[in-house]
Amino acid sequence: MVAPLSAWPWENLGVFKYLLYGPLAAKVLYSWIYEDSIKDLWCLHILVICALRGLIHQLWNSYSTTLFLTRNRRIKQEGVDFKQIDREWDWDNFLILHALLAYMACLIFPSLDDLPLWNPKGFITLLFLHVTVSEPLYYWAHRLTSAYDKFLSAAAGHATFLEHLILCVVIGIPMAGSIMMGYGSTSMVYGYVSAFDFLRCLGHSNVEVVPHEVFNKLPFLKYFLYTPTYHSLHHTEMGTNFCLFMPLFDAMGNTLNRNSWHLHKKISSDSAKNGRVPDFVFLAHGVDLTSSMHAPFVFRSFASVPFSTRIFLLPLLPVAFLVMLIMWAWSKTFLISFYNLRGHLHQTWVVPRFGFQYFLPFAMEGINKRIEEAILRADRIGVKVISLAALNKNEALNGGGTLFVEKHPDLKVRVVHGNTLTAAVILNEIPKDVEEVFLTGATSKLGRAIALYLCRRRVRVLMLTLSTERFQKIQREAPAVCQNYLVQVTKYQAAQNCKTWIVGKWITPRQQSWAPSGTHFHQFVVPPILAFRRDCTYGDLAAMRLPDDVEGLGSCEYTMERGVVHACHAGGVVHQLEGWTHHEVGAIDVDRIDIVWKAALKHGLRPVSSM
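Keep in mind it's a predicted model, so treat the numbers as computed, not measured.

A. Main features of the overall build of the protein chain. Looking only at helices and strands, the protein chain has 24 helices and 14 strands in total. Referenced to the eigenvectors of the C-alpha coordinate spread, the extents of the protein chain come out at roughly 95 × 60 × 50 Å. Of the contacts formed within the protein chain by residues at least 6 apart in sequence, a portion of 70% connects residues at least 24 apart. Of the roughly 29000 Å² that the protein chain leaves accessible, carbon and sulfur atoms contribute 62%. Computed over 57 positive and 48 negative side-chain charges, the inter-centroid distance for the protein chain is 5 Å.

Here's what the structure looks like:
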C-alpha cells in the first residue's frame, strides 16, 4: 500500500525536473542582460538558497559516509544498501517544492524586495515563533502521521511529499510571521533556512557528534537540542521521539524514549574505543583522478552505480588533483566501505595512491611501506585475511605479496593475492571445445598459470613472449606429455587464425587488428583494452558476484556492476569463509585453481559472464 501524497508530482521527469527552476533562472537572466539591475532580486535569492541547502545536505552526507572519521561514532552499524540509496536517489525533490512555493510567495508579496539585509529584532521574533508555533506544530503533525513513517528512510532529504508539505508550513511560519511584523531581513531568511537544514541533517546523519559532557554540564540543554542518537530511536522504536529539534515537546507529550540519553552517553563515550574488527579486508588503490570521485563519501549515489566518466566531474578535477597531492604527502591507508556476509564484517581499505604512481620508480618504496603498514595494522587488530588489489600485488613491486610474508614470518593475518580465483574465472569463461588460444602476458603470474592449466586440458596455447628462457621455464613445469601444447610465438601475426585471445598485456588497436573476425578477447590486464573491433567481442575483467545474502553493500567496485567484485577481492572472501590458514602469495599453485573455484561456488559466489 502506498501512503497518500507520498509520490512527487515530478518523480517521472528524471533530470528534466530541474527545468522547474527555469522561471526563476529566466527572470534573473532577463534582468541581468536587459535591465540595469536585477529587479526580482528574490528570484536570485531563492536559487542561491537552494544551492546552499543542497551543499549543506551534501557535506553532511559526505561526512557521515567518511568511515575513517566516523566509524566509531556510528549509531546503527548496518551499512546503507542499494535499495536504500535508490529510495534516496531524488533526495533533492524537496528543494524544488520549496523553491516553487517561495516563488509563489514572492509573486503574492512583492514587498519582499524591500527587506533590509539585517534586523536583529527579526531573529528574536523568529526564534520565538519557532519555539512556540513550529516545534509543537511539527510534533503533533509528525505524531499524527506516524503511521506513514515506515515509508520514510533515514535521510534528511528523503521523505514523502506530504511530510515536506508539512515542513513547508513549519519552516515558513516563523519567517512569514517575522516579516509580517516588520522585523524580517534577508540575513534572517538565509540564517534560518540554513540552520533548519543543518539540524535536520544532524539528526539523520547516523553519526553521534554531540558530546555527552555537554549535557552533564548543562542538563537543561538536552530538552532543547536533540541528537542523532535521539532521532535514530524514532526510526527504530516507533511511537517515540517525534520532536522536530527540541525533546521538550516529547517530554510534554509523554513520548520521550527513556533510553535516549543513556544510549547517547554510551555511543559518545565509546567513540574513543576501537570498533568491531573486520574478518576480511580488501586492500584497494585509486585508479585515476576521475575515479577518485567515485568514492562513497564524495557522491554516494554516484558510487552506487558502475563508474563512468561524467561531464559534471570535470570541473572537480582540480580539487581531485589537490587532494591527490595531499594524500601523497601525508595520508595513510584508510577505510572506505564495508558490508556484512553471514555474520562476518568485510571492509575495503584504500592505499592513497593512484595507478600512475605505481609505475614511478621513486614512489615504489613509499607504496610498499603503505601496504606493509596496512598488513601490520590488520595483523595487530586481529583481521583474519587481507587481499591485495591489482597493483598492490604487482610482481615488480613486492613479488605478489611475497615481500611482506618473508619479512614478517609470524603474521597471523593471511595475505592473499587472489590470483588463483582470477585464473579460475578466466579459465571457466573459455568454452570447453576450444582447441587453441592466443595468450599475451604469457610469462606473467596469471599467464603462466593459465598456460599450464590449459595445456593439461590439451589446449594448444600460443604464448606471446620474446624471452625463450622464461617460456622454457614454464614449459618445463608442464607434464612431459603436455609440453608440446605450449608454443612460443613472438608476433601477433601468429594468432591471425585463432579466435580466442587471452589478453594479459595491454594491446593497441593495431595489434588487435591481427585477430580474425569473431574473436573474443578475454582479459586480465589493467586497465582493460579498448574495444576497437566491432566484429569481435570483449570480456570484462575477471569478477564474481557476491552471494545474495550480502548485507549493507551500497557501492560499486569501480566499473563493476552492483554486487560484483574483482576476482582478487572474491578470492580473499573465499579464503576467509573457508578458514584457510595458508598465505596465497607468489606464484599461483595450478593444482589449487579447481579447488578455489569449487569453494567459491559452494559459498554462493557466482561468475558474472560466460561465453
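After that view, the rundown keeps rolling.
B. The arrangement of the UniProt feature "domain: Very-long-chain aldehyde decarbonylase CER1-like C-terminal" (unreviewed entry) in the protein chain in detail. Per the UniProt annotation, the sites labelled "domain: Very-long-chain aldehyde decarbonylase CER1-like C-terminal" (unreviewed entry) are residues 437-607. Within the segment residues 437-607, helix and strand shares are 28% and 20% respectively, and the terminal C-alpha atoms sit 21 Å apart.

C. Quick look at the domain arrangement of the protein chain. Parsing the protein chain into structural domains produces domain 1 (16-78 + 89-271), domain 2 (280-414) and domain 3 (421-539). Computed from C-alpha coordinates alone, the two centres of domain 1 and domain 3 are separated by 59 Å.

D. Quick look at the pattern of salt bridges. Overall, the coordinates contain 19 salt bridges when judged by the stated rule. For Glu372, the salt bridge identified is with Lys407, shortest N-O distance 3.1 Å. You can see Glu372 sitting in helix H16 (residues 364-381) and its partner Lys407 sitting in helix H18 (residues 402-407), a full 35 residues away along the chain. Where Glu477 meets Arg448, a salt bridge forms, and the shortest distance between an N and an O atom there is 2.9 Å.

E. Looking closely at the UniProt feature "transmembrane region" (unreviewed entry) in the protein chain. As annotated by UniProt and renumbered to match this structure, "transmembrane region" (unreviewed entry) occupies residues 15-34, 41-60, 94-112, 124-141, 161-183 and 311-330. As annotated, residues 41-60 has a helix share of 100% and a strand share of 0%, and its two end C-alpha atoms lie 29 Å apart. Structurally, residues 124-141 comprises 100% helix and 0% strand, and the distance from its first C-alpha atom to its last is 25 Å.

F. Looking closely at a nonpolar patch on the surface. A contiguous nonpolar patch, built from Leu13, Val15, Phe16, Tyr18 and Leu19 and spanning about 550 Å² of accessible area, is present on the exposed surface. Topologically, Leu13 is positioned in the segment before helix H1 (22-34).

G. Up close: the side chain of Ser185. Summarising the element assignment, Ser185 is placed in the loop between helix H7 (161-180) and helix H8 (186-203). Relative accessible area serves as the criterion here: at 0%, Ser185 is assigned to the buried category. Within the structure, the side chain of Ser185 is placed 3.1 Å from the backbone nitrogen of Met188, a separation counted as a polar contact. In this view, Ser185 contacts Leu115, Pro116, Leu117, Trp118, Asn119 and Phe123; residues no more than four positions away in its chain are not counted.

H. Fine view of the state of the cysteines. Taken as a whole, this structure holds 0 disulfides when the rule is applied. Cys455 takes part in no disulfide bond, and the closest cysteine sulfur to it belongs to Cys482, at a distance of 5.1 Å. Residue classification places Cys455 among the buried residues on the basis of a relative accessible area of 0%. Of all cysteine sulfurs, the one in Cys536 lies closest to Cys498, which takes part in no disulfide; the gap is 12 Å.

I. Layout of the sheet that holds strand E11 (residues 537-541). The parallel open sheet is built from 6 strands, whose spatial order is E8-E7-E6-E9-E10-E11. Only two strands of the sheet have a single partner each, and these edge strands are strand E8 (486-489) and E11. Taken pair by pair, the neighbouring strands of this sheet meet at an average axis angle of 20°, ignoring direction. Pairing analysis gives 4 bridges linking strand E6 (residues 436-440) to strand E7 (residues 460-464), with the strands arranged parallel. Across the sheet, Leu439 pairs through a bridge with Met463, a residue of E7. In this fold helix H20 (residues 445-456) packs onto E6, E7, E8 and strand E9 (500-503), with an angle of close to 160° to the strand it touches most, E7.

J. Quick peek at the nonpolar core. In terms of nonpolar packing, the biggest core is built from 66 residues, with Leu421, Leu454, Leu486, Ile502 and Ile593 touching the most fellow members. In terms of residue count, the dominant contributor to this core is H20 (8 residues). Two domains each donate at least three residues to this core, and these are domain 2 (280-414) and domain 3 (421-539). Ile49, Ala99, Ile171 and Cys201 belong to the second largest nonpolar core, which has 43 residues in total.

K. Local environment of the pairing of E6. Judged by how many residues are buried, E6 sits mostly within the fold: 4 of 5 residues are covered. Read from E6 through H20 to E7, the crossover connection turns out right-handed. The pairing of E6 with E9 spans 3 bridges and is classified as parallel. The residue bridging Phe438 from the neighbouring strand is Trp501, located in E9.

L. Looking closely at the packing of helix H19 (residues 419-429) against H20. Between H19 and H20, the least distance of the axes is 10 Å, while the angle of their chain directions is 50°. Between H19 and H20, the crossing angle belongs to the class labelled oblique. Considering the relative orientation of H19 and H20, their crossing is right-handed. Facing Asn419, Thr422, Ala423, Ile426 and Leu427 of H19, the residues of H20 in contact are Lys445, Leu446, Ile450, Tyr453 and Leu454. Considering only residue class, the contact of H19 with H20 consists of 7 nonpolar, 2 polar and 1 charged.

M. Summary view of the sheet that holds strand E5 (residues 414-416). Taken in spatial order, the 5 strands of this open sheet run E2-E3-E1-E4-E5, and their pairing is mixed. Each of the sheet's edge strands pairs with one partner strand only, and the pair in question is strand E2 (334-341) and E5. The average angle at which neighbouring strand axes cross in this sheet is 20°, direction not considered. Examined bridge by bridge, strand E1 (residues 280-285) and strand E3 (residues 344-351) share 6 bridges and lie parallel to one another. Residue pairing across strands places Leu283 opposite Trp349, the latter belonging to E3. The strands touched by helix H23 (residues 567-578) within the sheet are E1, E2, E3, strand E4 (385-388) and E5, with E4 carrying the most contacts at an inclination of about 165°.

N. Looking closely at the side chain of His417. Here His417 is to be found in the loop between E5 and H19. Of note is the side chain of His417, whose polar atom sits 3.1 Å from the backbone oxygen of Gly586. Leave out the neighbours within four places in its chain, and His417 touches Leu388, Lys393, Gly400, Lys445, Cys568, Glu584, Val585, Gly586 and Ile588.

O. Here's a closer look at unusual backbone geometry. One non-glycine residue, Asn254, adopts positive backbone phi at about 60°. Along the chain, Asn254 falls in the loop between helix H11 (248-252) and helix H12 (260-270). With a relative accessible area of 72%, Asn254 lands in the exposed category.

P. Up close: H19. Across the 11 residues that make up H19, a large majority, 10, are buried. Among the residues of H19, those classed as buried are Asn419, Thr420, Leu421, Thr422, Ala423, Ala424, Val425, Ile426, Leu427 and Glu429. Turning to H19, the residues buried within the fold contact H20, E9, strand E10 (520-523), strand E12 (543-545), H23 and helix H24 (593-602).

What counts as what
- Residues numbered from 1 in each chain as written.
- Predicted model: local features only at pLDDT ≥ 70, side-chain atom pairs only at ≥ 80, totals over all residues.
- Heavy atoms only, no water.
- Helix = DSSP H or I, 4+ residues; strand = E, 2+ residues; numbered from the N terminus.
- Contact = heavy atoms within 4.5 Å.
- Areas by Shrake-Rupley, 256 points an atom, 1.4 Å probe, with all protein chains shown as cover.
- Lys, Arg positive; Asp, Glu negative; His and termini not counted.
- Charge placed at Lys NZ, Arg CZ, Asp CG, Glu CD.
- UniProt positions renumbered as here; feature names shortened; annotations may be inferred.
- Domains from an automatic or database assignment.
- Salt bridge = Lys/Arg side-chain N within 4 Å of Asp/Glu carboxyl O.
- Patch = residues over 30% accessible without salt bridge, like charges linked within 9 Å, V, L, I, M, F, W, Y side chains within 5 Å.
- Buried < 20%, exposed > 50% of the residue type's maximum accessible area, 1.4 Å probe, protein only.
- Polar contact = N/O pair within 3.5 Å; in protein donor to acceptor, adjacent residues only side chain to side chain.
- Disulfide = S-S within 2.5 Å.
- Pairing = 2+ DSSP bridges.
- Axes fitted to C-alpha atoms, helices over the stretch in contact; angles between N-to-C directions.
- Core = buried A, V, L, I, M, F, W, Y, C linked by side-chain atoms within 4.5 Å.
- Right-handed = clockwise from strand over helix to strand, strands pointing away.
- Parallel < 35°, antiparallel > 145°, perpendicular 65-115°, else oblique.
- Left-handed = near helix turned anticlockwise from the far one by under 90°.
- Nonpolar A, V, L, I, M, F, W, Y, C, P; charged D, E, K, R; others polar.

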